[in-house]
Amino acid sequence: MLETLLKKIKSYNPNVDEDLIRRGFLFAEEKHKGQFRNSGEEYIIHPYHVALILADMNMDSATIVAGLLHDVIEDTDVTFEEVKDLFGEDIALLVDGVTKLKKLSYQTKQEKQAENIRKMVLAMAKDIRVIIVKLADRLHNLRTLEYMTPEKRKEKATESLEIYAPLADRLGISRIKWELEDLSLRYLDPDNYYKLVEMVNKRRTERMDLINQIIEKLQVALIDVNIKADIHGRPKNFYSIYKKMHFKGRAFDEIYDLSAIRVLVSTINDCYAVLGVVHSMFKPIPGRFKDYIAMPKPNKYQSLHTTVMDAKGETFEVQIRTYDMHRTAEYGIAAHWKYKERVNKTTSFDENLTWLRQLLEWQKDVNDPNDFMETLKIDFLADEVFVFTPNGDVINLPEGATPIDFAYRVHSGVGNTCQGAKINGRIVPLHYHLKNGDIVEIITSSNAEPSLDWLGIVKSSQAKTKIRQYFKVRDREKNIDRGKEFLEREAKKLGYRPGDILRDDWLEDAMEKLKIKSLEDMYAGVGYGSITVNQVMAKLVDLYHQEYKEAAQERLVTEGLEGKPDRTRAKKKSGVIVKGLDNVKVRFAKCCNPVPGDEIIGYITRGRGVSVHRMDCINIAQNDDKSRYLDVSWDTGEAGSYVAHIEIQAMDKSTVIGDVANRVNDSKLELQALSARTTKDHLLIITLHVEIHNIDELDRLLKKFKKQKYVYDAYRIGS
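Bear in mind the structure is a predicted one, so any value in this text is a computation, not a measurement.

Peer 1: Summarise a positive patch on the surface; cite the residues concerned and give the values.
Peer 2: A cluster of basic residues, Lys-668, Arg-700, Lys-703, Lys-704, Lys-706 and Lys-707, forms a positive patch at the surface. Tracing the sequence through the fold places Lys-668 in the loop between α27 (656-666) and β18 (670-678).

Peer 1: Describe the sheet that holds strand β17 (residues 642-651), naming the residues involved and giving the relevant values.
Peer 2: Strand order in the open sheet made by the four strands is β18-β19-β17-β20, with antiparallel pairing throughout. The open sheet has two edge strands, β18 and β20 (711-717), and neither has a second partner. The average angle at which neighbouring strand axes cross in this sheet is 20°, direction not considered. Bridge count between β17 and strand β19 (residues 683-692): ten bridges; the pairing is antiparallel. Bridged to Ile-646 within β19 is Leu-688. On top of the sheet, α27 reaches β17, β18, β19 and β20; it is set at about 15° to β19, its chief contact. Helix α28 (residues 695-707) rests against β17, β19 and β20 of the sheet, and its axis sits at about 160° to β20.

Peer 1: Go over the packing of aromatic side chains with me, naming the residues and quoting the values.
Peer 2: Tallied over the full model, the rule gives nine aromatic pairs. Look at Tyr-193 and Phe-238: their rings are 5.7 Å apart centre to centre, the planes differ by 80°, and that puts the pair in the edge-to-face class. Of this pair, Tyr-193 sits in helix α12 (residues 190-224) while Phe-238 is found in helix α13 (residues 238-246), placing the two residues 45 residues apart along the sequence. Summarising the aromatic geometry, the rings of Tyr-292 and Tyr-301 are spaced 5.8 Å apart at their centres and angled 70° between planes, so their arrangement reads as edge-to-face.

Peer 1: Please give an account of the environment of Ile-618 that cites residues and values.
Peer 2: Here Ile-618 shows up in helix α26 (residues 618-622). What makes Ile-618 partly exposed here is its relative accessible area of 37%.

Peer 1: Please give an account of the packing of helix α3 (residues 45-56) against helix α9 (residues 129-143) that cites residues and values.
Peer 2: For the pair α3 and α9, the least separation of the axes is 9 Å and the interaxial angle reads 120°. Here α3 is positioned oblique relative to α9, judged by the angle of their axes. When you trace α3 past α9, the crossing you get is right-handed. Contacts from Ile-45, His-46, His-49, Val-50, Ile-53 and Leu-54 of α3 reach α9 at Ile-132, Val-133, Ala-136, Asp-137, Leu-139, His-140, Asn-141 and Arg-143.

Rules behind the numbers
Residues numbered from 1 in each chain as written. Predicted model: local features only at pLDDT ≥ 70, side-chain atom pairs only at ≥ 80, totals over all residues. Heavy atoms only, no water. Patch = residues over 30% accessible without salt bridge, like charges linked within 9 Å, V, L, I, M, F, W, Y side chains within 5 Å. Areas by Shrake-Rupley, 256 points an atom, 1.4 Å probe, with all protein chains shown as cover. Salt bridge = Lys/Arg side-chain N within 4 Å of Asp/Glu carboxyl O. Lys, Arg positive; Asp, Glu negative; His and termini not counted. Charge placed at Lys NZ, Arg CZ, Asp CG, Glu CD. Helix = DSSP H or I, 4+ residues; strand = E, 2+ residues; numbered from the N terminus. Pairing = 2+ DSSP bridges. Axes fitted to C-alpha atoms, helices over the stretch in contact; angles between N-to-C directions. Contact = heavy atoms within 4.5 Å. Phe/Tyr/Trp six-rings, centres within 6.5 Å; stacked < 30°, edge-to-face > 60°. Buried < 20%, exposed > 50% of the residue type's maximum accessible area, 1.4 Å probe, protein only. Parallel < 35°, antiparallel > 145°, perpendicular 65-115°, else oblique. Left-handed = near helix turned anticlockwise from the far one by under 90°.

Structure follows, in structure tokens:
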């Protein structure tokens with residue numbers, strides 16, 4: 001393996017530090033000894049293939065050694081200091097940059113993923129080679145995804161499609177991007193993937209015959225005008241075809257660029273000369289010409305694209321670029337390491353990383369990991385539109401962006417004083433969706449200020465953050481009062497006396513757990529919406545009911561029911577374990593209908609055994625006799641079904657009720673009852689009783705309802 005790797009590196013870099021590569025390989029082999037992949041292969045196979053992928057990209061020795069060592073800190077007893085001592089700080093930092101956070105605790109899997117991505121972004125801002133190693137790591141993992149569990153396959157493929165393929169695109173590494181997309185699609189939608197492969201293969205022979213004929217004609221024509229060129233056919237990757245079919249509603253036969261012709265020449269002048277020859281031979285299709293040489297993409301991609309039609313009506317795309325442009329198109333930023341062992345990090349390719357520096361600045365203002373992921377996906381990795389300032393500067397924004405997004409991208413002061421906008425010299429409404437090539441001019445006024453309605457108009461997370469910040473500062477006192485009011489209202493809604501649950505010591509405890517500096521900051525956050533009422537109340541409810549458990553344990557001791565060894569884990573068919581009691585009658589309270597997954601508490605009733613309530617039940621909160629409460633828990637080994645009561649608020653449309661019933665059916669759940677009424681305000685209220693097995697099923701169903709057209713809200717209620 002080692003000799004094969006060295007041979008590949010020497011093919012493009014005769015000056016390779018061979019000793020460093022050998023030491024890196026042997027160290028990784030030793031440290032991973034005894035570890036195996038899911039395929040049954042020795043673990044060293046994975047870092048070896050990661051190094052091969054990096055060598056295919058013509059990377060320098062340090063990056064390839066980092067690829068060999070990328071898992072040693074995470075999966076073995078090797079420390080950062082050990083890697084630094086043996087291989088130098090440069091390589092150690094690269095390895096650390098791709099190492100996941102392991103020692104911190106997270107509330108959710110999504111939060112952990114977000115923090116790992118944030119850590120990687122911070123590391124790649126210091127050295128972009130971090131993401132190049134990570135892309136190679138992810139690519140080999142996807143190539144061997146078949147050996148993982150179905151759940152893990154879906155998780156890795158989704159993350160690759162949403163994060164890593166767009167990152168590869170941002171860095172211009174199209175070769176990696178295409179393979180990540182196609183492999184991800186194969187596992188996320190296998191039926192449509194293989195149907196698409198079959199459709200493409202059926203037409204491939206026919207298309208390649210056509211392409212070869214065109215290449216021959218074009219070669220002859222270019223020789224006649226003394227232009228030396230390499231001409232090749234280029235198949236389109238499956239995911240790009242899939243996107244056009246499934247997201248843009250185009251039929252397979254309407255996709256013209258299943259195969260394209262790529263022409264490589266020596267100079268930019270030759271590029272335009274070839275374009276003239278192509279347009280003289282074939283009929284160009286209006287609106288299908290793009291000049292990425294005069295106006296490169298932000299990832300530095302340059303090429304001429306034109307779609308033309310031959311005499312028989314066959315349509316195909318021609319891409320024309322220089323050899324240097326082709327290297328950048330294939331390898332993106334990685335092309336800058338070709339033949340280099342030491343890289344000056346202030347070279348011109350730094351312009352390619354403007355977006356990364358912007359992300360680095362904006363992430364400082366984002367505390368919530370999920371908000372960070374939203375910013376990353378929407379502002380930086382989504383499809384983009386490219387527009388111009390009146391001075392001719394190019395601004396890239398998320399697809400669907402408005403003039404308000406543009407204003408905040410220019411400067412927060414421009415956004416905050418935005419009064420109107422002109423597109424190509426014409427006044428347009430602020431909700432106008434920007435299009436590629438638009439020239440945008442923002443009309444400002446010192447008397448203008450943002451509107452909260454803008455939050456429903458703007459597309460970029462950056463603009464949303466800036467708008468919220470404006471109102472946060474301007475209305476701080478109002479937000480503090482509003483936050484207190486929201487918490488009091490929620491306490492009453494849940495059945496608590498505000499004075500009992502909104503205790504200063506508990507509020508301070510909640511503040512510390514949410515990592516907020518002061519109570520006023522927490523109230524203000526609740527008031528303007530950056531902190532949800534539920535985030536605060538969930539912690540207060542935990543503290544409130546902790547006292548019930550202590551009081552219940554005292555009652556058990558008093559009545560001689562505590563401490564019987566053979567009964568402390570007594571199980572009943574009710575699906576609930578009552579700590580310290582056996583052969584006791586258990587029933588579920590109809591006032592709150594608890595289901596597995598809910599936090600629950602037992603209440604000793606007079607003559608009817610133990611009644612099980614949800615922790616947030618209004619009747620529990622209003623009962624002052626805390627000595628009657630018992631510590632109960634769900635019996636995870638006892639399967640059963642439970643009835644959940646749900647209420648939906650929606651627009652009064654005839655299709656809503658049918659859609660609600662369909663969502664239940666799609667979830668393979670039993671609908672026991674459904675009723676509906678319309679309020680004076682033309683609000684449709686739907687109440688339904690659904691048979692479920694646990695709280696996760698209920699949460700998934702509620703999310704489906706909330707995504708439904710015309711639905712304002714969906715939530716669980718008591719009986």
